[in-house]
Amino acid sequence: MTTVSEKLLIRAEESGASGPSQDPSPPLLSLRDVRIGDRTDGRDIVHGVSFDLTPGKVVGIVGESGSGKTLTCRAALGILPARFEVTGGSIGIDGTDITALTPPQWTALRGATISAVFQDPASYLNPSLRIGKQIAEVLRVKKGLGRREARERVLGLLHAVYLRDPELVHDQYPFELSGGMLQRVLIAAAIAADPRILIADEATTALDVTVQAEILDLLADLRERAGLALVVVSHDLAVVARSCDEVLVMRQGEVVEQGPTHAVLDSPRHDYTRLLISEHEQYGLEKFLTPKEEA
Ligand SMILES: Nc1ncnc2c1ncn2[C@@H]1O[C@H](COP(=O)(O)OP(=O)(O)O)[C@@H](O)[C@H]1O
Ligand SMILES: [Mg+2]
């Protein structure tokens, strides 16, 4: 089987006419009425989130700060803070119910099947190690690659995330790169082990608008070229509108509205969704809507 990073390199110049499979693929990630509770007081913080993520699909989660977006992502990644627990529902990754996985089973799954990029890339990198070495580490651990092989692959990944001079970046330290470059590096590291699902949680929030757009285009491109399934999380409706097939609108731990992105934006049914849209009208939300080809 061709790996994601191979596909990225091989298919970069292909037309991609056939796109993702037309078959109704089984979901790679499936959340069914997921509830997350706070152990300290037994209260539920997230009150039932459900969605299916199939290959090549992008699901967006939008909502104000504190609405439970990150906890939902962390539950799907098996990295909930100790204070929280999944109190109901199920989370399936590639057909396996993950709510009962042991730590070693998680270690095998994370990176290799499901991976994530968060806000503030600098905090995920070791400031005293060169970029190339940090990504190579992922390849050595997750893929068992040797030094030379890892180096080639790292350069390929840096190229795949459109860093202009992969050889230079390979030998640089994090402080030498801009925020946008660091986020590309983090994405390269996140896709290094060929995951099929990538969760981008506020991955563009710390970046200025132009760089945000570039990173979102990069994610869209990874979906296109590598068939990655994406979960894009943001408090900013414009970010989700730009990149998602389906959107969940969350407020105070509840999903208040959910559906195809264009349907939700064109005819929102919930007042809170209308509020989010009106907040964006001053910027002109339509500018962020990339026209999608009809299927
Ligand atoms: N590590 C934590 N310790 C205590 N409370 C937390 C922690 N993480 C999240 N919370 C609380 O859980 C709720 C949901 O948080 P979160 O999922 O991070 O929201 P979002 O990502 O939508 O901003 C918030 O009320 C937040 O204060
Ligand atoms: Mg968050």
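One can find the structure itself at the top, above this paragraph.
Sequence order sets the numbering: in each chain, residues are counted from 1 along the sequence as written. Written order determines the labels here, with chains lettered from A and ligands numbered from 1. The predicted nature of this model means local features are confined to residues of pLDDT at least 70 and side-chain atom pairs, given and counted, to a pLDDT of 80 or more, with totals for whole chains, interfaces and linings taken over all residues. Note that the side-chain values use all heavy atoms of the structure and ignore hydrogens as well as water.

A. Expanded view of the overall build of the protein. Helix and strand definitions here come from DSSP, where helices need a minimum of 4 consecutive H or I residues and strands a minimum of 2 consecutive E residues; each element is numbered from the N-terminal end. Of the regular secondary structure elements, the protein holds 11 helices and 10 strands. Carbon together with sulfur atoms contributes 51% to the accessible area of the protein, which is approximately 14300 Å² in total. Note on areas: Shrake-Rupley, 1.4 Å probe, and residue coverage restricted to the protein chains presented here.

B. Representation of unusual backbone geometry in the model. With phi around 60 degrees, Asp-120 is a residue other than glycine that occupies positive phi space. Note on placement: Asp-120 falls in the loop between strand 6 (114-117) and helix 4 (131-143). On the basis of relative accessible area, Asp-120 is assigned to the partly exposed category, the value being 41%. The phi dihedral of Gln-252 is positive, around 50 degrees, even though this residue is not glycine. Inspection of the secondary structure assignment puts Gln-252 in the loop between strand 9 (246-251) and strand 10 (254-260). For each residue, the accessible area found with a 1.4 Å probe, counting protein chains only, is set against the maximum for its type, and the residue is called buried under 20%, exposed over 50%, and partly exposed in between.

C. Spotlight on the nonpolar core. One finds Ile-131, Ile-135, Leu-158, Val-185, Ile-187 and Leu-198 to be the most contacted residues of the largest nonpolar core, which totals 50 residues. The biggest single contributor to this core is helix 7 (residues 179-191), with seven residues. To define a nonpolar core, start from buried Ala, Val, Leu, Ile, Met, Phe, Trp, Tyr and Cys residues and group those joined through side-chain atoms within 4.5 Å. The next biggest cluster of nonpolar side chains, apart from the first, holds 33 residues, and it includes Ile-36, Ile-199, Ala-229 and Val-231.

D. How the structure looks around the site of ligand 1. Ile-45, Glu-64, Ser-65, Gly-66, Ser-67, Gly-68, Lys-69, Thr-70, Leu-71, Pro-81, Arg-83 and Phe-84 make up every residue found near ligand 1. Between ligand 1 and the protein, one listed contact pairs an oxygen atom with a backbone N or O atom of Ser-67 at 3.1 Å. The separation between an oxygen atom of ligand 1 and a polar side-chain atom of Thr-70 is 2.8 Å. When ligand 1 is considered free in solution it has 550 Å² of accessible area, and contact with the protein chains removes 61% of it. The leading source of residues in the shell around ligand 1 is helix 2 (residues 69-77), at three residues. The residue inventory of the shell around ligand 1, partitioned by class, reads four nonpolar, five polar and three charged. The cutoff for a nearby residue is simple: one of its non-hydrogen atoms must lie within 4 Å of the molecule or strand. What qualifies as a polar contact is a pair of N or O atoms within 3.5 Å, subject to a donor-acceptor requirement within protein and to the restriction that residues adjacent in sequence count only when both atoms come from side chains. Under the convention adopted here, Pro, Cys and the residues Ala, Val, Leu, Ile, Met, Phe, Trp and Tyr are nonpolar, Asp, Glu, Lys and Arg are charged, and Gly plus all remaining residues are polar.

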